[in-house]
Amino acid sequence: MIERLESRVPLAPFSTLGVGGAARWLLRAIDARDVAAAHEWCESAQTPLLVLGGGSNLVVADEGWHGLVLHIGLTGIEFRASGGDTLITAAAGEPWDRLVAASVERSLAGIECLSGIPGSVGGTPIQNVGAYGQEVGEVVESVSLFDRRENRMRTLGGGECRFAYRMSRFKSEDAGRFVVCGVTLRLAPRSPTVTYPDLANYLDEAGVTVPTVGDVRQAVLAIRRRKGMVLDPSDADTRSVGSFFMNPVVPEEVRERISSVAGRMAPAYPAGAGHVKVPAAWLIEQAGFRKGDVYGGAAISTKHPLAIVNRRRAKASDVVHLATRIKRGVMDRFGVALRPEPVFVGFAADPEVEYLTRS
């Protein structure tokens, strides 16, 4: 038996959404040795392993998790020069926004638009976290991880992670194989990224003509707070996974069809090779859903239609039911299948989760 192993631990407090049952076992990992020990114990006991960081992108079933939850608590941040750049190595358990703040304090650009995103460092390369014109995959130098297939620590370069829109090899073909223990980013003292319309408009209205990375961070935090996307215990819309659905990337002709159905031109952003990215929030509202719509204990945020929130002691089933209604509504109106951003854990052959996660 592993030392410090806990049993029947409620998982709702470990997630920003705040739903879900208990873990059969839980181990709080403080170093890579704990990660290896958890893997070996699960192999020996023939029980599944769930790796949990900040819990910001997770929907846990009401039945909980019947295996071992490995809660990543590895900490530490190190800065070192590399030519004119700076390499930042952060342990997987570090809060992501703490790392962003530390880089901005040093006037380093590359992740300033990712300010205010909840969760831990280890989850960012898995999801290829992105917002306001930046993705973490653009600046990942390497990822330190435990390879469960080879039973050893490894380092993968950024190019080996196969980053795509909200995707990586850790979330697709190698899901469950690797446990991220640390991430190294390459940042530089350059001008910040100001390409996203909401961000550019906010800075213009504030009279900021030559923004610094600090200006961009404060603007992003303000925009996210306005949308209820910053953790705030006093905000009834704060318990969520952030954006529940990804913005669909579609061919130009599909955008034209969507516009025809809606009776107005659908907003879109270039996505390369004749494709555009259509805001999921716009599609949701055009399909008839409104901010504040309630289903059981779950609701659409009063601030942003893309966030499903836990407002009244919601169950995981409430969240899944509401998400399913939204996906079906958009599909029925526009023929576009929204893809959820969060990971669903502990849902055994649940037809609604199967529908939600189907491409």
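Use the structure listed above.
This section reports on the structure supplied with the text. Here the structure is a predicted model, which is why all the values come from computation and not from measurement.

Before going further, it helps to spend a moment on the pairing of strand β2 (residues 22–29). Buried residues dominate β2, accounting for six of its eight residues. Pairing geometry for strand β1 (residues 6–10) and β2, over four bridges, is antiparallel. Directly across from Glu6, in β2, lies its bridge partner Leu26. Examined bridge by bridge, β2 and strand β5 (residues 65–72) share six bridges and lie parallel to one another. Looking at β5, one finds that Ala29 is bridged to Ile72.

To continue, consider the packing of helix α4 (residues 197–205) against helix α5 (residues 213–226). Running from amino to carboxyl end, α4 crosses α5 at an angle of 110°, the nearest separation of the two axes being 10 Å. In terms of their interaxial angle, α4 and α5 are classed as roughly perpendicular. Along the contact surface, α4 presents Asp198, Leu199, Tyr202 and Leu203, while α5 presents Asp215, Val216, Ala219, Val220, Ala222, Ile223 and Arg226. Residues of the contact of α4 with α5, tallied by class, amount to eight nonpolar, no polar and three charged.

Taken in spatial order, the three strands of this open sheet run β13-β15-β14, and their pairing is antiparallel. Only two strands of the sheet have a single neighbouring strand rather than two, namely β13 (249–251) and β14 (269–270). Pairing geometry for β13 and strand β15 (residues 275–277), over three bridges, is antiparallel. Within β15, the position partnered with Val250 by the bridge is Val276. This element, helix α6 (residues 252–262), spans β13 and β15 of the sheet and lies at about 95° to β13.

Before going further, it helps to examine the side chain of Asp237. By the element assignment, Asp237 lies in the loop between α5 and β13. The class for Asp237 is buried, based on a relative accessible area of 1%. Polar contacts involving the side chain of Asp237 include one to the side chain of Lys303, which spans 2.9 Å. Residues within four places of Asp237 in sequence aside, it is in contact with Gly228, Ser301, Thr302, Lys303, Val309 and Arg311.

Another point: α6. Listed in full, the buried residues belonging to α6 are Val254, Arg255, Ile258, Ser259 and Ala262. Buried residues along α6 cover an arc of 140° about the axis, so they all sit on one side. The exposed set on the far side of α6, more than 90 degrees from its buried face, consists of Glu253, Glu256 and Ser260. The positive-phi residue at the C-terminal boundary of α6 is Gly263, with phi of around 80°.

To continue, consider the packing of aromatic side chains. Going through the model one piece at a time under the given rule, you end up with eight aromatic pairs. Pairing Tyr196 with Tyr269 gives two aromatic rings, centres 5.9 Å apart and planes at 25°, and the pair type is stacked. Note that Tyr196 is positioned in the loop between β12 (178–187) and α4 and Tyr269 in strand β14, a separation of 73 residues in sequence. With centroids separated by 6.2 Å and ring planes inclined at 65°, the aromatic side chains of Phe244 and Phe344 adopt a geometry described as edge-to-face. Taken together, the residues Phe244 in the loop between α5 and β13 and Phe344 in strand β19 (residues 343–345) connect sequence positions 100 residues apart. The rings of Phe244, Phe245, Phe344 and Phe347 are connected pair by pair, giving a single aromatic cluster. One Lys or Arg, Lys327, reaches over the ring of Tyr355 and ends 5.0 Å from the middle of that ring.

Scoring rules and cut-offs
- Residues numbered from 1 in each chain as written.
- Predicted model: local features only at pLDDT ≥ 70, side-chain atom pairs only at ≥ 80, totals over all residues.
- Heavy atoms only, no water.
- Buried < 20%, exposed > 50% of the residue type's maximum accessible area, 1.4 Å probe, protein only.
- Helix = DSSP H or I, 4+ residues; strand = E, 2+ residues; numbered from the N terminus.
- Pairing = 2+ DSSP bridges.
- Axes fitted to C-alpha atoms, helices over the stretch in contact; angles between N-to-C directions.
- Parallel < 35°, antiparallel > 145°, perpendicular 65-115°, else oblique.
- Contact = heavy atoms within 4.5 Å.
- Nonpolar A, V, L, I, M, F, W, Y, C, P; charged D, E, K, R; others polar.
- Polar contact = N/O pair within 3.5 Å; in protein donor to acceptor, adjacent residues only side chain to side chain.
- Arc of directions from axis to C-beta.
- Phe/Tyr/Trp six-rings, centres within 6.5 Å; stacked < 30°, edge-to-face > 60°.
- Lys NZ or Arg CZ within 6 Å of the ring centre and 35° of its normal.

Note that every value here comes from positions in space, so none of it alone points to a role or purpose.
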